[in-house]
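# Topology and contacts: notes
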Amino acid sequence: EEQAYKKLDEKLKSLLATLPKDKGWRSANIYLHEGFWLSPQVIKGLLMINNYFHAQSTDIFLAAFMKCGTTWLKALMFATTNRHRYSFSDHPLRRNGPQSAFPFLDTHIFLDYPITKFEHLPSPRMFATHFAHSLLPTSMSSPTSTCKFVYVCRDPKDALISKWHFMSKLRSKELPPLSFNEAYELFCNGVSEYGPFWDHVLGYWKASQESPEKILFLKYEDMKKETSVELKKLAAFMGMPFSAEEEKRGVVAEIVKLCSFENLSNLEVNNEGGGAQKFTAQVAVENRDFFRKGKVGDWKNYLTEEMRERIDSITETKFKNSGLTL
Ligand code: A3P
């Protein structure tokens, strides 16, 4: 087995040597692999997932482009699937924060050297991923697979602002800071970890149009506007709809409150000294860095009219005839 993993490292090395590369937001370089810009670490994760990850028929994947609402959805999915197990006043989310609710597949697969096995997780297993739909192994995404996906997307302008802040915090101190103007330019050209943003969204959108029972497509903005409506959709999609009696008892409202930005971002575990999540042996992210403003439209504080227009016209062109608007 050890031998097989070593081979995979060699394969990664020779693969990287053949791929186009450009500037990374967190690390020096990202690579264009099958249409998407990825860091070397997550290309390794992808190779491992393709070789060793065995999806189970009841798995539920939370998929999103970076900074579109993974933390929020993680909390909501965990609280919803476990609502009969925990009381809301003494809930594990209050002690541990949402990041630890379930694994981030892309790098967790090799967090326990040489490989993490996920067999022990209770069913339905849940995983988060940022990988584009077309990159996923067939056991997860083929027409015969019964795995479910919850996809959350967001206005690209807000995703850009959020990502620039987040990646600037994580950026290697040996590299010069990435200026906002440069990040903007790269983003518009599709060059950022897991990008292009628009291709990512479209891939899941099209798949959700073809198989709505397998892919639930959500928008951050809708969730902000009517959280309980979207939460009820989510629960029904996961096969655990809220009963009328639960609604009457206020279970939906409790989950909305527990998972709100205001509640989560004020917890000790999500503040200074609250702990960190390990993504790879080298990269840990502090819990608090997953919470910034939690608002719709913060881009207005950053983009000029000209910059807004350019992103909106890219969105319009890319999404033309898809039926999707953001
Ligand atoms: P901002 O940087 O715009 O504030 P992800 O979880 O995918 O990494 O996305 C992070 C973004 O979601 C950040 O956006 C963060 O503040 C926001 N966020 C985190 N938890 C949230 C919650 N419970 N409700 C709403 N937004 C949340």
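One structure accompanies this document, and this report is about it. None of these values were measured; they are calculated from a predicted model.

## Some points on the pairing of strand E2 (residues 29-33)
Note: strand E1 (residues 21-23) against E2, 3 bridges, orientation antiparallel. Bridge assignment links aspartate 22 to a residue of E2, and that residue is isoleucine 30. Counting the residues between successive antiparallel strands, the hairpin from E1 to E2 contains 5 residues. As paired elements, E2 and strand E3 (residues 36-38) share 3 bridges and run antiparallel to each other. For tyrosine 31, the partnering residue across the bridge sits in E3 and is leucine 38. Connecting E2 to the antiparallel partner E3 that follows it, the hairpin turn spans 2 residues, and glutamate 34 within it adopts a positive phi of roughly 45°.

## Describing the side chain of aspartate 158
Of note, aspartate 158 is situated in helix H7 (residues 156-170). Put simply, aspartate 158 is tucked away with no salt bridge, and the nearest opposite charge, on arginine 154, sits 4.6 Å away. A polar contact is formed between the side chain of aspartate 158 and the backbone nitrogen of glycine 297, at a distance of 2.7 Å. Residues within four places of aspartate 158 in sequence aside, it is in contact with Lys295, Val296, Gly297, Asp298 and Trp299.

## Quick notes on the site of the ligand
Surveying the vicinity of the ligand reveals 18 residues, the closest of which are Thr71, Ser162, Arg292, Lys293 and Gly294. Within the backbone of phenylalanine 261, one N or O atom sits 3.4 Å away from a nitrogen atom of the ligand. For the ligand, whose free accessible area comes to 570 Å², the fraction covered by protein is 98%. Among the detected pockets, the ligand sits in the largest pocket. Those elements that place two or more of their residues in the shell around the ligand are helix H3 (70-81) and helix H14 (261-266). Per-element tally for the shell around the ligand: the top contributor is H3, with 3 residues. Taken together, the residues of the shell around the ligand break down into 8 nonpolar, 6 polar and 4 charged.

## Digging into the layout of surface pockets
Which parts of space are left empty comes out when a probe the size of a water molecule is rolled across the atoms. By volume, the largest pocket is sized at about 900 Å³. Around the largest pocket, the lining comprises 48 residues; the ones closest to its centre are Lys67, Thr71, His130, Phe166 and Phe290. Of all the elements in the fold, those that place two or more residues in the lining of the largest pocket are helix H2 (40-52), H3, H7, helix H10 (220-225) and H14. Examining the composition of the lining of the largest pocket, we find that 6 residues originate from one element, H7, more than from any other. Partitioned by chemical class, the residues of the lining of the largest pocket number 22 nonpolar, 14 polar and 12 charged.

## Some points on the sheet that holds E3
Taken together, the 3 strands give an open sheet; going across it, the order is E1-E2-E3, and neighbouring strands pair in antiparallel fashion. Each edge of the open sheet carries a strand with a single partner, namely E1 and E3. Here the strands of the sheet are splayed against their neighbours by 40° on average, with no regard to which way each runs. Strands E2 and E3 of the sheet are contacted by H2, whose axis makes an angle of about 35° with E2.

Procedures and definitions
- Position numbers for residues start from 1 in each chain and track the written sequence from start to end.
- Restriction of local features to residues with pLDDT of at least 70 applies here, the model being predicted, together with a cutoff of 80 or more for giving and counting side-chain atom pairs; totals for whole chains, interfaces and linings are based on all residues.
- Note that water and hydrogens are dropped before the side-chain values are worked out from all heavy atoms of the structure.
- Pairing between strands is defined by DSSP: at least two bridges between the two strands are required.
- Elements are defined by DSSP. Helices are runs of H or I of four residues or more, strands are runs of E of two residues or more, and each kind is numbered from the N terminus.
- For every residue, the accessible area obtained with a 1.4 Å probe (protein chains only) is divided by the maximum for its type, and the residue is called buried under 20%, exposed over 50%, and partly exposed between those limits.
- We count Lys and Arg on the positive side and Asp and Glu on the negative side, and we leave His and both chain ends out.
- We define a salt bridge as a side-chain nitrogen of Lys or Arg found within 4 Å of a carboxyl oxygen belonging to Asp or Glu.
- We define a polar contact as two N or O atoms separated by no more than 3.5 Å, with the added condition that, inside protein, one atom must be a possible hydrogen donor and the other a possible acceptor, whereas residues neighbouring each other in sequence contribute only through side-chain atom pairs.
- Should any heavy atoms of two residues lie within 4.5 Å, those residues are counted as being in contact.
- Think of it this way: one heavy atom of a residue within 4 Å of a molecule or strand is enough to make that residue near it.
- Note on areas: these come from Shrake-Rupley sampling with a 1.4 Å probe, and a residue is covered only by the protein chains present in the view.
- Throughout, the protein atoms alone are placed on a 1 Å grid, and a set of points is a cavity if a 1.4 Å probe fits but cannot get out or a pocket if it is open with protein on both sides within 12 Å along at least five of seven lines; lining residues have an atom within 4 Å of a point.
- Assignment of a molecule to a cavity or pocket requires that more than half of its atoms lie within 2 Å of the corresponding grid points.
- We call Asp, Glu, Lys and Arg charged. Ala, Val, Leu, Ile, Met, Phe, Trp, Tyr, Cys and Pro are nonpolar, and the rest, Gly among them, are polar.
- Grid points are joined across faces, edges and corners, and a volume is the space filled by probe spheres set on the points.
- For helices, the fitted axis covers only the stretch in contact; all axes are lines through C-alpha atoms, and the angles between them, taken along N-to-C directions, range from 0 to 180 degrees.

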